[in-house]
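Below, each chain spelled out in residue letters.
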Amino acid sequence: MDFSISPRISSILDHARDFMDREVNPLEQAFLADGFVAILPEVKACRARARQTGLWAAHVPETHGGGGLTLTEFAHLSEELGRSPLGHYVFNCQAPDVGNMELLMEFGTPEQQERWLQPLVAGEIRSCFTMTEPEFAGSNPVWMGTTALRDGDEYVIRGHKWFATGADGAEFAICMALTDPEHEDRYRRASMIIVPTDTDGYELIGNLSVMGHRGGDWASHGEVAYHGARVPVANLLGGEGMGFALAQSRLGPGRIHHCMRWIGVCERAFDIMCRHAVERELAPGRPLGSKQTVQQWIADSRAEIDAARLLVLNAAWRIEQEGARTARDAISLIKFSVAGTMQRVLDRAVQCLGGLGMTDDTPIAMWWAHERAARIYDGADEVHKQVVARRILRSFGLERRG
Ligand SMILES: Cc1cc2nc3c(=O)[nH]c(=O)nc-3n(C[C@H](O)[C@H](O)[C@H](O)COP(=O)(O)OP(=O)(O)OC[C@H]3O[C@@H](n4cnc5c(N)ncnc54)[C@H](O)[C@@H]3O)c2cc1C
């Protein structure tokens, strides 16, 4: 394994950093003070300029209109963009669209790709992913209430979803629903179906209030109802009964994107913490950073961030070499490990900044609140730990039960 940064990546990162400094970072204060919707016109103008950089939708192959980076190359870019809360959105590689693009590229028919993937990659539309339901534990992905039953050439979808990130303003939803609720193999009961949001019977009930914010547009999490929404069978993604398999494949590369973005968050928080430790004086000539406790926060954070990056790059490398299925333990490990690192680094940064850390003068307070979700979405910590530990223990002879 060679994780050195090639001259090509180095120049991509310089290019991205320059664009972020000139175009995106100046919007940050207004974003923190007034919210995403208030700065949407400026962000959209910024996106139009980002399209000209060659780094637009960089995870997507050039044949589909993207920047054509490999998973490992994109991982480095994702870290750089993650230093700003707006970076991924400006370059059209934000969740959940990034995962939906990957699904459409891998499993979409040519017609689905033309209708949904092309405008998504071009940034003309947005999408959402509706899987989690308020009435069922999302940690058990094969247990749900939403059904999509065949009626001639259509599916009729009924169900209730929530936490659909970016549903507000999305052009289509990918809906996970039971197409064969009685199938003997519980992993073959559900399918993914593309639902245009102007379909009769599709309802965005509203945006959830999360950590005191309802948000809007892409920066929101919607509650959605399917009241007998009818879509053509041609909107099925992959095969019938393939929903669980598709969800698994969506999550592999997705976790690399998320984790490297979180490392970008950590690096930015670390910079702010170190600068504050040097500049803030407890008394004339006695900077905060002269205190051993603060030095420990800094040393622990540096070690944990560097270790997290190596773990993620190793997982990305293994996905590229062996495929996501063989690398599944590496993928589970980074999910809970890096989310924990981010939470600890952000918490130390808040503490180091004192009252300033609670204000919106820096992005740390916003991240501290909203990135807490990293330990929950795409599989809660406990689920990943259980999955990895069970596999390890089976290799020591633990018997499979349930
Ligand atoms: C900010 C955010 C964005 C999201 N975006 C989307 C999206 O775009 N689309 C979508 O469909 N969903 C989305 N989700 C939903 C997310 O995927 C679910 O919240 C997650 O899968 C957990 O499901 P749940 O909330 O139903 O928790 P539950 O399954 O009810 O679990 C509750 C808690 O129980 C514990 N637990 C669960 N299983 C175990 C176990 N085996 N052992 C020990 N403890 C356990 C965990 O601590 C867990 O947090 C999002 C969530 C958040 C917070």
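Above this text is the structure in question.
Below is a short write-up of the structure.

Rules behind the numbers
Residues numbered from 1 in each chain as written. Predicted model: local features only at pLDDT ≥ 70, side-chain atom pairs only at ≥ 80, totals over all residues. Heavy atoms only, no water. Axes fitted to C-alpha atoms, helices over the stretch in contact; angles between N-to-C directions. Helix = DSSP H or I, 4+ residues; strand = E, 2+ residues; numbered from the N terminus. Left-handed = near helix turned anticlockwise from the far one by under 90°. Contact = heavy atoms within 4.5 Å. Nonpolar A, V, L, I, M, F, W, Y, C, P; charged D, E, K, R; others polar. Buried < 20%, exposed > 50% of the residue type's maximum accessible area, 1.4 Å probe, protein only. Lys, Arg positive; Asp, Glu negative; His and termini not counted. Salt bridge = Lys/Arg side-chain N within 4 Å of Asp/Glu carboxyl O. Core = buried A, V, L, I, M, F, W, Y, C linked by side-chain atoms within 4.5 Å. Near = heavy atom within 4 Å. Polar contact = N/O pair within 3.5 Å; in protein donor to acceptor, adjacent residues only side chain to side chain. Areas by Shrake-Rupley, 256 points an atom, 1.4 Å probe, with all protein chains shown as cover. Pairing = 2+ DSSP bridges.

A word on the packing of helix α10 (residues 328-353) against helix α13 (residues 381-395)
Here is step 1: Taken N-terminus to C-terminus, the directions of α10 and α13 make an angle of 145°; their axes are 9 Å apart at the nearest point. The chirality of how α10 crosses α13 is left-handed. Across the interface between the two elements, Arg-328, Asp-329, Ser-332, Leu-333, Lys-335 and Phe-336 of α10 pack against Asp-381, His-384, Lys-385, Val-388 and Arg-391 of α13.
Here is step 2: Classifying every residue of the contact of α10 with α13 by side-chain character gives three nonpolar, two polar and six charged.

Points about the side chain of Arg-47
Here is step 1: Assignment of secondary structure puts Arg-47 in helix α3 (residues 40-50).
Here is step 2: Asp-97 provides the closest opposite charge to the buried, unpaired Arg-47, separated from it by 6.7 Å.

Side note on the nonpolar core
Here is step 1: Judged by nonpolar contacts, the single largest core of 93 residues is most densely connected at Leu-77, Val-90, Phe-91, Met-192 and Ile-256.
Here is step 2: Among the elements that line this core, the one with the most residues is helix α8 (residues 243-279), at 14 residues.
Here is step 3: In this structure Ile-256 touches Leu-71, Ala-75, Val-312, Ala-315, Ala-316, Ile-319 and Ile-334, once residues within four positions along its chain are discounted.
Here is step 4: Among the nonpolar cores identified, the runner-up in size contains 18 residues, and Ala-177, Val-195, Tyr-202 and Val-224 belong to it.

Observations regarding the site of the ligand
Here is step 1: Residues in contact with the ligand amount to 19 residues; listed here are only the nearest, Thr-132, Gly-138, Ser-139, Phe-163 and Glu-382.
Here is step 2: Note that an oxygen atom of the ligand is positioned 2.6 Å from one of the side-chain N or O atoms of Ser-139.
Here is step 3: Phe-163 places a polar main-chain atom, nitrogen or oxygen, 3.1 Å from a nitrogen atom of the ligand.
Here is step 4: Protein burial of the ligand: of its 980 Å² of free accessible surface, 68% is covered by the chains.
Here is step 5: Those elements that place two or more of their residues in the shell around the ligand are β1 (127-130), β3 (154-165) and α13.
Here is step 6: Examining the composition of the shell around the ligand, we find that three residues originate from one element, α13, more than from any other.
Here is step 7: Looking at the shell around the ligand, its residues break down into ten nonpolar, seven polar and two charged.

Points about the pairing of strand β7 (residues 221-232)
Here is step 1: Note that β3 and β7 share ten bridges and pair antiparallel. Its bridge partner being in β7, His-160 is matched across the sheet by Ala-225.
Here is step 2: Of the strand pairs in this sheet, strand β6 (residues 202-207) and β7 are connected by five bridges, and their pairing is antiparallel. Along β7, the bridge assignment pairs Gly-206 with Glu-223.

Take it as geometry only, folks, not as evidence of what the structure does.
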